[in-house]
Each structure stands twice: as structure tokens, then as C-alpha cells.
Amino acid sequence: MTFSPSPDTARDGAGVMSPARVRLVILALAMGGFAIGIGEFAVMSLMPNIAGNMDVSLPRGSHMISAYALGVVVGAPVIAVLAARLPRRLLLIGLMLLYALGHLASATAGGFNWLVGFRFVSGLPHGAYFGIASLVAASLAPPDRRARAVAMVMLGLTLATLAGVPLANWMGQFLGWRASFGLVGALALLTAVLLALFAPRGGGVASATSPLQELGALRKPQVLLTIATGAVGFGGMFAVYTYLEPTLVQVAGAPASVLPLMLMVFGLGMVVGNIAGGWMADRALMPAIAGILLWIFLACLLVLVTAGNVWALGLNVFLVGCGVALGAGLQTRLMDVAQEAQTLAAAMNHSALNIANALGPWLGGLAIAAGYGWTSTGWVGALLSAAGLAIFLCSWALERRKVAQLSFEPAERSLQHH
């Protein structure tokens, strides 16, 4: 992707940044996404190893996953509000250092309760980092390429699911699960160094808002509706993804050894969807968001007819993974509707995605427990994405009505004047 930075947005202490320098900044931001992607997803595949080593049951072992997600949900708004006055460059470096500290501490945890606590700490910078990194990336790009800049930051996360998570899993299997946490800590430290070297020191990357201004985002209906769209609509994708292994084995009749390949197919779908989503959002933001939610709805419904065949299910998994295209559009939408409270709104997007990550699997589990079978996750995913689409269409209708009212009032005053 090529950026032609605007003099008003892509400035460093020495003047206007060159396109090559901008690419280095985006690379550094994406490296942080890569580290976070491994830190979030690799532990899920290593949970049996960790639980066995710590002598806890698998249900209790899942607490460390929940602790991380709770850290994301709590950390995103709290950090965005408390750090509203800090320059974004320094804040990003600090967040990566905190992420490194959390994972290096996890690698040395002496007991399971300590590990759960360190996982919570590790989750704290997740949402704030992605939100602020997205703002920085968008500020370096022309207006018609903002979503693609955001997508490039998110590309690090999607590449982590394709390559980084299998690498961390391999390290965990052969070198021990602590090595995987050490890898994430090292990548986070590398990101902090890259940001210190390349991130711009001034211009569009300094936050000029106050904590009260940031909290004002939560009073904006369009901000809340956009966050709700992600929290509900993205849940459909996670409802299907979480129960991929039992669907693959119990319904498609495939051996468990096929699962790593299927996860890579899902990761490939995420990479393709992320790139396509940024391009579509730059072309037509609102139709792109609606269209991607409809895509997720249809892809989830397809599970009902593809689950019995491993090849058809593989194609379906790719299509579901493409649903991550929604992320760049929602992030850009929040930048537009948050106005002066962009930091909090952008960070809250990733809190919403973690709510979706909890909501989808929970509802899918309820459907399975009720006896509707493994493929019922397709129905759950479709209903969640349809609900997300309904929320978004309400948001779109309210905005169109507001625009119509604003355009009508000057015309009415003009007629009264004449």
C-alpha cells in the first residue's frame, strides 16, 4: 500500500514525513498488532498444556482467557480517558512496554492465580493500543485511504492468526508454554523500539483532548450504536469459530489432525477480508459495513449445509474468516462520529470486539447444550450478525434523517426571508 502523507497530518519534528518513513511507522504499528494477535490467540491453543502443567482443570484453565478479555474491556476506556493528555507516540510505546511486561511476567508465573492476574494485566493495553494506533495510521494517510491505513495496522493481527499463532503453538509444544509468552514479550519490546525510532513526534499524533471530552463520546448515540454493532454483529463470527473443532470432528468426520490446517484457512480468510474491508470502507463506508454484516450472516448460515463435508466446511471457514473485514470499517466510522473524543471511541471498538468474542461462544454453547447440535452455531452466528445489521441500519437511518433536517432548515429559513 502506498501513502502520500498530507503536510497537515504527517509531520515529524523535522518537517513533513516521506512516504518511506510513513511505511516504517505503519510497519511498527502492525508489528504491535502481530504481537497482540499471538498473545491473545496462542494461549487458547495452549490451554490444555498450561492447565496440565499448573495442575488445574480445563474449565478453570479457561479463566486465564476470560481474565485477558476482561483486561481488554476494562483497559481500553480507562487508559483512553486517563491518558487523554499524553502524546500518542509516548502512549503507544508505554502500552507496548506494559504488554511486554505482562507476558514476560506470565512466562515466569509461579502459580495459576499469578498467571491469571498477569493475563489480566496483559489485556489492559490491547484495546487502547489498537484504537490509538488506528488514529495515528489514519492521520498519516490521505482522507480517501484512512480505512486502508487502519486495515494495515490490523493486518498484523490477522497475520498473527495465519503464521504467528502456529509458531507460538509449536514453541509451546516443544519448548514449553512459557517460551510462547516469552516470544510475545520479545515482539512487544521490539515494537516499542520501532515506535521510538520511527513514530512521529508531533503534528497529528498529539492528543489535545481532556478526560471529560473523551468521556463525552459515551453520550453520543452514534458512537454507542457503532460500538453495539461490533459487539453484536461480530459475535456471529466467533460463535462459529469457537466450535470449529467439534464441528470438524463430530459432524464432518475429519481427524483432529486437520484442525491446524483449518485454522490456517480461517487465518487466510482474515487476511484477505482485512485488506478487502479497508478498500471497501474507503470507497463507500456505510454500504461496506452493511454489506459485510450481510456477508457474515450468509457465511454463518452456510454452516448448516457445509458442516457435513470437510472440503465444503473448509471453504465456509474461509468465508467466515473474511468477516473480519468489518473491523476497519467500524474503526473508521467511530473516528467520524466521535468528533473530539476519538481516542476513547477508537479504543472502545476493541472492547466491543472482545464482548463479541464472549457473547458469540456463550450463546453458541447454550444452543449446543439445549440439544440443537454442533451446527446450531450457524443459526446463532446468523442471528447475531442479523441483529448487528439491524442496529447499524438504525444508526444509518438516524444519520440520514439528521442530514435531511440540517439541509431542510437553511432552505426553510431562506424561504421565510424572501
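If you're wondering where the values come from, they're calculated on a predicted model, not measured in any experiment. (Residues numbered from 1 in each chain as written. Predicted model: local features only at pLDDT ≥ 70, side-chain atom pairs only at ≥ 80, totals over all residues. Heavy atoms only, no water.)

## Observations concerning the nonpolar core
Formally: Among buried residues, the Ala, Val, Leu, Ile, Met, Phe, Trp, Tyr and Cys ones that are joined through side-chain atoms within 4.5 Å form a nonpolar core. When a residue's accessible area, from a 1.4 Å probe over protein chains only, is under 20% of the maximum for its type it is buried; when over 50% it is exposed; and in between it is partly exposed. Helix and strand definitions here come from DSSP, where helices need a minimum of 4 consecutive H or I residues and strands a minimum of 2 consecutive E residues; each element is numbered from the N-terminal end. Two residues form a contact once any of their heavy atoms are found within 4.5 Å.
Leu-29, Leu-92, Met-96, Tyr-129 and Leu-195 are the most contacted members of the largest nonpolar core, which totals 55 residues. Only helix H1 (19-54), helix H3 (63-82), helix H4 (88-107), helix H5 (112-139), helix H6 (146-175), helix H7 (177-198) and helix H15 (326-338) provide two or more residues apiece to this core. Looking at this core element by element, the count peaks at 11 residues for H1. Residues within four places of Leu-29 in sequence aside, it is in contact with Leu-92, Tyr-129, Ala-133, Val-136, Ala-137, Val-153 and Leu-195. By size, the runner-up hydrophobic cluster in this structure holds 38 residues, among which are Leu-244, Ala-307, Leu-330 and Phe-392.

## Comments concerning the packing of aromatic side chains
The criterion, for reference: Only centres within 6.5 Å qualify two rings of Phe, Tyr or Trp (six-membered ring in Trp) as a pair; their planes then separate them into stacked at under 30 degrees, edge-to-face at over 60, and tilted for everything else.
Scanning the entire structure with this criterion turns up seven aromatic pairs. With a centroid separation of 5.9 Å and an interplanar angle of 70°, the aromatic rings of Tyr-129 and Phe-130 are classed as edge-to-face. The residues Tyr-129 and Phe-130 share a single accessibility class, namely buried. Here Trp-177 and Phe-181 contribute two aromatic rings whose centre-to-centre distance is 5.7 Å and whose plane-to-plane angle is 90°, an arrangement assigned as edge-to-face. Of this pair, Trp-177 and Phe-181 both sit in helix H7, four residues apart, roughly one helical turn. Residue Phe-181 is classed as buried on the basis of its relative accessible area, which comes to 5%.

## Some words on the pattern of salt bridges
What counts is decided by this rule: The working definition used for a salt bridge is a side-chain nitrogen of Lys or Arg within 4 Å of a carboxyl oxygen of Asp or Glu.
Per the stated rule, a full pass over the model turns up three salt bridges. Residue Arg-146 pairs with Asp-336 through a salt bridge whose shortest N-O separation is 3.0 Å. Pair noted here: Arg-146 is in helix H6 and Asp-336 is in helix H15, with a separation of 190 residues, a long-range link. The class of Asp-336 is partly exposed, set by a relative accessible area of 37%. Here Arg-333 makes a salt bridge to Glu-399, at a shortest N to O gap of 2.6 Å. Taken together, the positions of Arg-333 in helix H15 and Glu-399 in helix H17 (residues 376-417) put the pair 66 residues apart, joining distant regions of the chain.

## As for the confidence of the model for the protein
The condition that has to hold: pLDDT gives the predictor's per-residue confidence on a scale running from 0 to 100.
For the protein, mean pLDDT is 84; residues scoring 70 or higher make up 88% of the total. Across the protein, the secondary-structure element scoring lowest on mean pLDDT is strand E1 (residues 11-12), at 52, and the one scoring highest is helix H13 (residues 285-306), at 95. Predicted confidence for residues 1-9 stays below pLDDT 50, and this span has 25 contacts to residues more than four positions away or in other chains. Every residue in residues 203-207 is under pLDDT 50, and counting partners more than four places away or in other chains gives 18 contacts.

## Some details on the environment of Leu-294
Counting through the fold element by element, Leu-294 comes out in helix H13. The spatial distance from the C-alpha of Leu-294 to the C-alpha of Gly-388 is 9.5 Å, given a sequence separation of 94 residues.

## Let's talk about the layout of surface pockets
Selection rule: Computed over the protein atoms alone on a 1 Å grid, cavities are sets of points where a 1.4 Å probe fits but cannot get out and pockets are open sets with protein on both sides within 12 Å along at least five of seven lines; a residue lines them when it has an atom within 4 Å of a point. Grid points are joined across faces, edges and corners, and a volume is the space filled by probe spheres set on the points.
Approximately 320 Å³ is the volume found for the second largest pocket. Lining the second largest pocket, in full, are Lys-220, Pro-221, Gln-222, Asp-336, Val-337, Gln-339, Leu-398, Glu-399, Lys-402 and Val-403. Counting residues per element, the ones that place at least two in the lining of the second largest pocket are helix H9 (221-233), H15 and H17. For the lining of the second largest pocket, the element with the highest residue contribution is H17, accounting for four residues.

## Let's talk about helix H10 (residues 235-242)
Among the eight residues that make up H10, six are buried, leaving the element largely enclosed by the rest of the structure. Along H10, the positions that sit buried rather than exposed are Gly-235, Gly-236, Met-237, Phe-238, Ala-239 and Val-240.

## Some remarks on a nonpolar patch on the surface
Rules: Patch membership requires over 30% relative accessible area and the absence of a salt bridge. Like charges are linked within 9 Å, and nonpolar side chains (Val, Leu, Ile, Met, Phe, Trp, Tyr) within 5 Å. Here, Shrake-Rupley sampling with a 1.4 Å probe gives the accessible areas, and only protein chains in the shown set may cover a residue.
A surface patch of nonpolar side chains, about 370 Å² in accessible area, is lined by Leu-70, Val-74, Val-78 and Leu-82. By the element assignment, Leu-70 lies in helix H3.

## Side note on the packing of H4 against H7
For the record, the criterion: Interaxial angles span 0 to 180 degrees and are taken between N-to-C directions of axes, which are lines fitted to C-alpha atoms, for helices over the stretch in contact. If an angle is under 35 degrees, it is roughly parallel; if it is over 145, roughly antiparallel; if it lies from 65 to 115, roughly perpendicular; otherwise it is oblique. Should the near helix be turned anticlockwise from the far one by less than a right angle, the crossing is left-handed, and should it be turned clockwise, the crossing is right-handed. Classification used: nonpolar for Ala, Val, Leu, Ile, Met, Phe, Trp, Tyr, Cys and Pro, charged for Asp, Glu, Lys and Arg, polar for all others including Gly.
One can describe the packing of H4 onto H7 by two numbers: an axis separation of 8 Å at closest approach and a directional angle of 165°. The angle between H4 and H7 falls in the class roughly antiparallel. Our pair here, H4 against H7, has a crossing hand that is left-handed. Where H4 approaches H7, its residues Arg-89, Leu-92, Ile-93, Met-96, Leu-97, Tyr-99, Ala-100, His-103, Leu-104, Ser-106 and Ala-107 are matched on the opposing element by Trp-177, Arg-178, Phe-181, Gly-182, Val-184, Gly-185, Ala-188, Leu-189, Thr-191, Ala-192, Leu-195 and Ala-196. Considered class by class, the residues forming the contact of H4 with H7 number 16 nonpolar, five polar and two charged.

## Some points on H5
Defined as follows: Residue count minus one, scaled by 1.5 Å, sets the expected span of a helix.
Its 28 residues give H5 an end-to-end C-alpha distance of 42 Å, which sits within 8% of 40 Å, the value for a rise of 1.5 Å per residue. Within H5, 21 of the 28 residues are buried, leaving the element largely enclosed by the surrounding structure.

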